[in-house]
Each structure stands twice: as C-alpha cells, then as structure tokens.
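For reference, the chains in residue letters:
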Amino acid sequence: MSKSDSNASILVIYTGGTIGMILDPIDGQLKPFNMNHLMETVPELRRFNFNIYTESFKVPIDSSDMSPLGWIELANIISQNHNNYDGFVILHGTDTMAYTASALSFLLRGLAKPVILTGSQLPIGMIRTDGKENLITALEISANNAIHGFNMCEVGIYFDSVLYRGNRTSKVSTGHFNAFSSPNYMALANAGVEISFNQSALLKDPKTGLLPFKGLNQNIAVLPVFPGITEKVVRAICQTEGLEAVILRTYGSGNAQRDKALLDPLKSFVDAGGLVLNVSQCAEGRVRQRKYQTGAALADLGVISGQDSTLEAAITKLMYCLGNYQKDKVADKFKTSLCGEISV
Ligand code: ASP
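The following paragraphs examine the structure supplied in this document.

What counts, and where the lines are drawn
- Residues numbered from 1 in each chain as written.
- Predicted model: local features only at pLDDT ≥ 70, side-chain atom pairs only at ≥ 80, totals over all residues.
- Heavy atoms only, no water.
- Phe/Tyr/Trp six-rings, centres within 6.5 Å; stacked < 30°, edge-to-face > 60°.
- Buried < 20%, exposed > 50% of the residue type's maximum accessible area, 1.4 Å probe, protein only.
- Lys NZ or Arg CZ within 6 Å of the ring centre and 35° of its normal.
- Helix = DSSP H or I, 4+ residues; strand = E, 2+ residues; numbered from the N terminus.
- Expected span 1.5 Å × (residues − 1).
- Contact = heavy atoms within 4.5 Å.
- Core = buried A, V, L, I, M, F, W, Y, C linked by side-chain atoms within 4.5 Å.
- Pairing = 2+ DSSP bridges.
- Right-handed = clockwise from strand over helix to strand, strands pointing away.
- Axes fitted to C-alpha atoms, helices over the stretch in contact; angles between N-to-C directions.
- Parallel < 35°, antiparallel > 145°, perpendicular 65-115°, else oblique.
- Left-handed = near helix turned anticlockwise from the far one by under 90°.
- Nonpolar A, V, L, I, M, F, W, Y, C, P; charged D, E, K, R; others polar.
- Salt bridge = Lys/Arg side-chain N within 4 Å of Asp/Glu carboxyl O.

A closer look at the packing of aromatic side chains
No. 1: All told, the structure shown has 7 aromatic pairs when counted by the stated rule.
No. 2: Ring geometry for Phe48 and Phe50: centres 4.6 Å apart, planes at 25 degrees, overall stacked. Here the two residues Phe48 and Phe50 agree in accessibility, since each one is buried.
No. 3: Aromatic side chains Tyr320 and Tyr325 sit 6.3 Å apart centroid to centroid with 80 degrees between the ring planes, which places their arrangement in the edge-to-face category.
No. 4: Overall, Tyr325 belongs to the partly exposed group, its relative accessible area being 25%.
No. 5: One aromatic cluster is present, formed by Tyr53, Tyr85 and Phe88 through successive ring pairs.
No. 6: Taking the ring centre of Phe334 as reference, the NZ or CZ of Lys317 above it sits at 4.7 Å.
No. 7: The ring of Tyr325 has Lys333 sitting right over it, with the charged end atom 4.3 Å from the ring centre.

The structure is reproduced here in structure tokens:
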C-alpha cells in the first residue's frame, strides 16, 4: 500500500500479462514480478495523493488463458470491494483484454466506480516500456471520481494515451503501442499534457447499484462465413451437442452467400430453437440485414442483428444473456444497449 494525503483508495488487481513482467538478471527470462513490490518497481506511484492497494491472481496468467471463470473471479473481487475503493485498475495481458473488459461491463452492470483495464506491449521492467505510462495514467483516471468529483462509472481500457469504452474495443496491433481501437464509439478521454474527458460520451450512473448475475453460458459458437464454406462444416457447428447460439460473422453490412450449404443448416438450427446473431467481419459500421438481398435472406431465417457490436462484446453479451435471462428474451436484449455496447 502507498501512503497518501487523501482518503481516496484504488485497488489494483494483477491478473498477469506482459505488463507485470521483469527481466530476471540471472537467467535473462521475463518473469511476473511480485505485486507487493509495485512501489519499488514503479516508484513514481509514491507521488500520487491517494492510496494504492494491490491484489493478485494466485497464479498470474498469460491472457490467452483467461476464461469465463476468470471473468467471474474479477467481477466478484470488484463487487465485494465496490464500496471499499474509489476505483479499480486491472492489469491484464493485451491479447484478450477486450474480451475481459466486455465481459466485466455486463457482469458489473450498475457499477458506480471506474474500472480501468490496462497492460503493455513491453514489460514494465524494460527501458522503453509503455507499461509505466499506461499504469500511471490508468491510476490517475481511476482516482478522478474521488479526487476531482468526476462521475465515471464504467469499464474502460486505457492504452497509449487513450481511454476507450471497454466493450467497444478490439486489439488491432501486435507491434504498435497503440494496440487498441474503438471504431464504432468515440474515445472516452485522451491523455496529453492534460487528461481531457469526453464527458458526453461517458455512461450515466444508473443508480441501481450493482446488479446480481447468475453466471455465463458458454454454449455458443462463432462461425465466420467465407466464399466456399461447405455444408458439412456449417452442419458440424450447428449440430454441436448442447449448442444454444451461433454468432455468424458476415460480410459488410451483414450479408452472406444465398447458398443452401449455409442457409439450410442455419434454418434447421433456428427451427430447433437455436439463436443466430449477425456480426459483421468489418470492424467499422453496423449490420443492416435488409440493405441487400443477401442479408435479407438471413433476416428471413430469423437471424438477429448484432448491430454495431464488436465480436468481443457480442460473444460476452451472448454468454451473459443466455446465463441470466430466459432464452426467448435474449433476442430482445440485442435490440437494446445494456451498458453502452451498441448504438441504438
Ligand atoms: N500474451 C500476452 C498476454 O496477453 C501479451 C500481452 O500481455 O500483451 O497476456
């Protein structure tokens, strides 16, 4: 814990990922550092006028190993501590950060505090690391409510000088410091000499308090269409035992080939009570299923529009909705924004 002259307190939760690695001078390997030594590793943090507490996953993970269980663990840590801290920073690998941010936005509906995920492309122990700036500014943003009377109450990703809405974000680069993009929603804040917030873009506090959740239902699949996809591949996916929903990744504004190889297995799946959600392969723009005949064919089958959702938000919203609502209510949930994940 750091000592400070304000009463504000932030909880940093370390899950793993590149940001928490330092170079072991003995064997030259990158290893997770002990979060209890955060202040020694990043001494700049001592200068903040708020308290920083840390908690860590028992075994830090590469974010490729993140799972719905990990999301629930994080949601539980935050909901149990919601009243004890003014904000939360989650240190996370970049690979699945957008999935975790999206999942948390649904699991933490009713949140009244900032929850900021950040990470880095280079480990914090390396000279050119982007991790220090990302961590320092994520902390500053998370303490803004308490220190400057801000009212940020959502899950964000802070990376390379930009604060994004977490459930609008995708990882777009393996090699650049600006690894994330939010093509369908404006940045929540930009950090230059000052951190300038886009106040009107922030979610309003629903003042409900945190909503309880039952769980996440993983009985879903993603099926990217491509020219030449065969009926046996589509059937193999649609006939997966216990499968409840398929996210069809379509072309452009929600179009796919009007080929029985694709449409017949989808129709059988929908007729048997399965849900099919249409999410475009294009990062930017929205699904409009009746713009072209090729999209209308899907709408006629009962395929639900994923609107302008990212794939990460669609996957986690589907798991959340199937886990928390009756199946016949799920299609309606995709017409509305639960926590800013789509523009309606
Ligand atoms: N593979 C790493 C992870 O996602 C990469 C990173 O930390 O950025 O955990």
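Some details on helix α2 (residues 68–81)
No. 1: Between its terminal C-alpha atoms α2 stretches 20 Å, which fits the 20 Å expected from 14 residues at 1.5 Å a residue.
No. 2: Here the buried face of α2 lies against β1 (9–14), β4 (51–56), β5 (87–91), α3 (97–107), β6 (115–118) and α9 (311–324).

Some details on the nonpolar core
No. 1: Within the largest apolar cluster, 51 residues are counted, with the highest numbers of intra-cluster contacts made by Ile78, Ile90, Val115, Ile157, Ile247, Leu277 and Leu318.
No. 2: Top contributing element to this core by residue count: α9, with 8 residues.
No. 3: Discounting residues that sit within four places of it in the chain, Val115 has contacts with Ile78, Phe88, Ile90, Leu108, Glu154, Val155 and Gly156.
No. 4: The next biggest cluster of nonpolar side chains, apart from the first, holds 33 residues, and it includes Leu38, Met39, Ile124 and Ala189.

A closer look at the pairing of strand β14 (residues 245–250)
No. 1: Burial analysis of β14 places 6 of its 6 residues in the buried class, the great majority of the element.
No. 2: Here β14 shows no split at all, with Ala245, Ile247 and Arg249 on one side and Val246, Leu248 and Thr250 on the other all buried.
No. 3: By the bridge criterion, 5 bridges tie strand β13 (residues 220–224) to β14 in an arrangement that is parallel. By the bridge assignment for β14, Ala221 is matched with Val246.
No. 4: Note on the crossover from β13 through helix α6 (residues 231–238) to β14: the handedness is right-handed.
No. 5: Handedness of the crossover joining β14 and strand β15 (residues 275–280) through helix α7 (residues 260–271): right-handed.

Structural notes on the packing of α2 against α3
No. 1: As a packed pair, α2 and α3 sit with axes 10 Å apart at the nearest point and diverge in direction by 50 degrees. Taken together, the axes of α2 and α3 lie oblique to each other. Taken as a pair, α2 and α3 cross one another with a handedness that is right-handed. Mapping the contact onto sequence places Trp71, Ile72, Leu74 and Ala75 in α2 and Tyr99, Thr100, Ala103, Leu104 and Leu107 in α3.
No. 2: The residue makeup of the contact of α2 with α3, split by class, is 8 nonpolar, 1 polar and no charged.

Observations regarding unusual backbone geometry
Most peptide bonds take the trans form, and the phi angle of most residues other than glycine is negative.
No. 1: Residues other than glycine seldom take positive phi values, yet Asp160 does so here, at roughly 50 degrees.
No. 2: Within the secondary structure layout, Asp160 lies in the loop between β7 (155–159) and β8 (162–165).
No. 3: Judged by its relative accessible area of 30%, Asp160 is partly exposed.
No. 4: Positive phi values are uncommon outside glycine, yet Lys207 reaches one of about 55 degrees.

A few points about the pattern of salt bridges
No. 1: Tallied over the entire structure, the rule returns 12 salt bridges.
No. 2: Several salt bridges share partner residues, and in doing so they unite Arg168, Arg286 and Asp308 into one network.

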